[in-house]
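If you want the building blocks of each chain, they are given just below.
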Amino acid sequence: MPNHPRFPVLLHRGAVAGEGEAAALAMEALFARNGWPPQWRNGIFPYHHYHTYGHEALGCAAGSARVLLGGPGGREVEVVAGDVAVLPAGTGHCRLSGTSDLLIVGAYPPGQHADICRDAPTAEMLARIAALSAPATDPVGHAAGVTALW
């Protein structure tokens, strides 16, 4: 997993109250309001992967999951309903376990999207990750989020 050469992963705990459909709608509205159009609802893949065409916001709307960030040997974190993880392009991630009701809302900054990469990155992919600029806004609107730390 290449991870990002400069930007850290950010975890916003309790960004949205509640759980389930109401939380998913609130998460989608929060992302949209902050310039990260929501793109999908699903889970987190149970295999290591990363993206080279976009930074990714993963909002947990229901359930919980143990996620390995950074690829094999990376850091294990638990996300619960209401939490948002903001992953810079290149960040390896993999669901280790999750509850049966796990629901994740995914969003990307404008003009960015996910590609599913599992193999070692090429020089072109590493250059693309490094060249991807920091977003203009944080997906949950935190002043101490991506605009301050990236």
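Shown above is the structure to which this text applies.
Please read these numbers as outputs of a predicted model, since none were measured by experiment. Each chain has its residues counted from 1, running along the sequence as written. With the structure being a predicted model, the display of local features is reserved for residues of pLDDT at least 70 and the display and counting of side-chain atom pairs for 80 or more, all residues being used for whole-chain, interface and lining totals. In computing side-chain properties, one takes all heavy atoms of the structure into account and sets aside hydrogens as well as water.

## Some thoughts on the side chain of Ser64
Mapped onto the fold, Ser64 is located in strand E4 (residues 64-69). With relative accessibility at 15%, the residue Ser64 sits in the buried group. Discounting chain neighbours no more than four positions away, the residues touching Ser64 are Glu78, Val79, Val80, Gly98, Thr99 and Leu102. The numbering of helices and of strands both runs from the N terminus, where a helix is a DSSP run of H or I of at least 4 residues and a strand a run of E of at least 2. Burial status follows relative accessibility: with a 1.4 Å probe on protein chains alone, a residue under 20% of its type maximum counts as buried, one over 50% as exposed, and anything between as partly exposed. The contact criterion used throughout is that any non-hydrogen atoms of two residues lie within 4.5 Å.

## Some points on the side chain of Asp83
Secondary-structure assignment places Asp83 in the loop between strand E5 (75-80) and strand E6 (84-87). Overall, the relative accessible area of 5% leaves Asp83 in the buried class. Of note is the side chain of Asp83, whose polar atom sits 2.8 Å from the side chain of Arg13. Residues in contact with Asp83, not counting those within four places in the same chain, are His12, Arg13, Gly14, Met27, Leu58, Gly59, Cys60 and Glu78. Any N or O atom pair separated by 3.5 Å or less is treated as a polar contact, with the protein-specific requirement of one donor-capable and one acceptor-capable atom, and with residues adjacent in sequence counted only for side-chain atom pairs.

## Points about helix H1 (residues 21-33)
Compared with the 18 Å implied by 1.5 Å per residue over 13 residues, the 18 Å span of H1 between its first and last C-alpha is a close match. In this structure, the buried residues of H1 make contact with strand E2 (38-42), strand E3 (56-62), E6 and strand E8 (103-107). Phi turns positive one or two residues past the end of H1, at Gly35, with a value near 80°. Multiplying 1.5 Å by the helix residue count minus one yields the expected span of that helix.

By themselves, these are just geometric observations and shouldn't be taken as functional.
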